[in-house]
Amino acid sequence: KKVETSGGDTAKFDTFTDKGSVSDWAKEPMIWATSSEIINGMGDSTLAPQSSSTRAQVAQLLMNFDQKLA
């Protein structure tokens, strides 16, 4: 889809309590993904960036991408 993933508003990303656990290389894409509402977090104000994703979480991420950017 050639979607530009740099930039984005940090407002939503800044609300997550574990944003400091996001690796430096992933910070800019994570800011983009949260501001685009592709990633909405775990429901408890966390992203859990160092955890594994379940099949359901990946399916939700792909569905969000398709609905918001397709």
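Please refer to the structure placed before this passage.
K.L.:
An account of helix 1 (residues 24-35) is needed here, citing residue identities and associated values.
P.N.:
For helix 1, built from 12 residues, the straight-helix expectation of 16 Å at 1.5 Å per residue is met to within 8% by its first-to-last C-alpha distance of 17 Å. Every buried residue of helix 1 is listed here: Ala-26, Met-30, Ile-31, Trp-32, Ala-33 and Thr-34. Next to the buried residues of helix 1 lie helix 2 (55-69). Glu-37 lies just past helix 1 and shows a positive phi near 60°.

K.L.:
Give me the lowdown on the side chain of Thr-34, citing residues and values where you can.
P.N.:
Topologically, Thr-34 is positioned in helix 1. For Thr-34, a relative accessible area of 0% translates into the label buried.

K.L.:
Describe the nonpolar core, and please don't skip the residues or the numbers.
P.N.:
Formed by Phe-13, Phe-16, Val-22, Ala-26, Met-30, Ile-31 and Leu-47, the largest nonpolar core amounts to seven residues. Sequence-distant contacts of Val-22, that is, excluding residues within four places in its chain, are made with Phe-13, Lys-27, Met-30, Leu-47, Pro-49 and Gln-50.

Criteria and thresholds
Residues numbered from 1 in each chain as written. Predicted model: local features only at pLDDT ≥ 70, side-chain atom pairs only at ≥ 80, totals over all residues. Heavy atoms only, no water. Helix = DSSP H or I, 4+ residues; strand = E, 2+ residues; numbered from the N terminus. Expected span 1.5 Å × (residues − 1). Buried < 20%, exposed > 50% of the residue type's maximum accessible area, 1.4 Å probe, protein only. Contact = heavy atoms within 4.5 Å. Core = buried A, V, L, I, M, F, W, Y, C linked by side-chain atoms within 4.5 Å.

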